[in-house]
Amino acid sequence: MIIIYITCESLKQAEKIGRHLLEKRLCGCVNIVPQIISLSFWPPKTGKISKGEETILLVKTKEENFETIEKEVLKIHSWQTPCLFSLKIDHVNKNYYQWLLEEMK
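Residues numbered from 1 in each chain as written. Predicted model: local features only at pLDDT ≥ 70, side-chain atom pairs only at ≥ 80, totals over all residues. Heavy atoms only, no water.

Caption draft 1: Layout of the pairing of strand E1 (residues 2-8). Here E1 lies mainly inside the structure; six of its seven residues are buried. Relative to strand E3 (residues 49-61), E1 is paired through seven bridges, and the arrangement is antiparallel. Paired with Tyr5 across the strands is Leu58, a residue of E3. In this structure, E1 lies alongside strand E4 (residues 84-88), joined through five bridges in antiparallel fashion. If you follow Ile6 over to E4, its bridge partner there is Leu84. (Buried < 20%, exposed > 50% of the residue type's maximum accessible area, 1.4 Å probe, protein only. Helix = DSSP H or I, 4+ residues; strand = E, 2+ residues; numbered from the N terminus. Pairing = 2+ DSSP bridges.)

Caption draft 2: Structural detail: the sheet that holds E3. The four strands lie next to each other as E2-E3-E1-E4, forming an open sheet whose pairing is antiparallel. The sheet is open, and its two edges are formed by strand E2 (29-41) and E4, each paired on a single side. Strand-to-strand twist of the sheet, defined as the mean angle between neighbouring strand axes without regard to direction, takes the value 30°. Against the sheet, helix H1 (residues 11-23) contacts E1, E2 and E3, and its axis sits at roughly 140° relative to E2. On the sheet, helix H2 (residues 66-76) packs against E1, E3 and E4 and is oriented at approximately 155° with respect to E4. (Axes fitted to C-alpha atoms, helices over the stretch in contact; angles between N-to-C directions. Contact = heavy atoms within 4.5 Å.)

Caption draft 3: Here's a closer look at H2. All of the buried residues in H2 are Phe66, Ile69, Glu72 and Val73. Projection of H2 onto a plane perpendicular to its axis shows the buried side chains occupying an angular sector of 130°, all on one side. H2 presents Glu67, Lys71 and Lys75 as exposed residues on the side facing more than 90 degrees away from its buried surface. Buried residues in H2 make contact with E1, H1, E3 and E4. (Arc of directions from axis to C-beta.)

Caption draft 4: Quick look at the pattern of salt bridges. Evaluated as defined, the whole model comprises three salt bridges. For Arg19, the salt bridge is made with Glu15, and the minimal N-O distance between the two is 3.0 Å. You can see Arg19 and its partner Glu15 sitting in helix H1, four residues apart, about one turn around the helix. Residue classification places Glu15 among the partly exposed positions, given a relative accessible area of 35%. (Salt bridge = Lys/Arg side-chain N within 4 Å of Asp/Glu carboxyl O.)

Caption draft 5: Spatial organisation of the packing of H1 against H2. Viewed as axis vectors pointing N to C, H1 and H2 meet at an angle of 140°, and their least axial separation amounts to 10 Å. Relative to H2, the element H1 lies oblique. The handedness of the crossing between H1 and H2 comes out as right-handed. Residues Gln13, Ile17, His20 and Leu21 of H1 pack against Ile69, Glu72, Val73 and Ile76 of H2. Along the lines of polarity and charge, the residues of the contact of H1 with H2 split into five nonpolar, two polar and one charged. (Parallel < 35°, antiparallel > 145°, perpendicular 65-115°, else oblique. Left-handed = near helix turned anticlockwise from the far one by under 90°. Nonpolar A, V, L, I, M, F, W, Y, C, P; charged D, E, K, R; others polar.)

Here it is, written out as structure tokens:
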């Protein structure tokens, strides 16, 4: 199992992407964490630290779905380079994991 961490510009966008991935049965569950504060160097190579608000979309899925999910997200995400990476989960409740697998393709 992996969790894919995706930053989104808004709650609306995170929900749109999450619903899209669920409808395609690429994941079993998503969590949305609204209104986080982000600090980063932006624009690139300027040395300027920019402050912004983002929403985090957490996608619970199996490892073999990562590339397909990445392609689907990049098709509909408004940002050219969204933060998108996976975290490997080493331990998970067996009943939860079985349910998650049953909800995916």
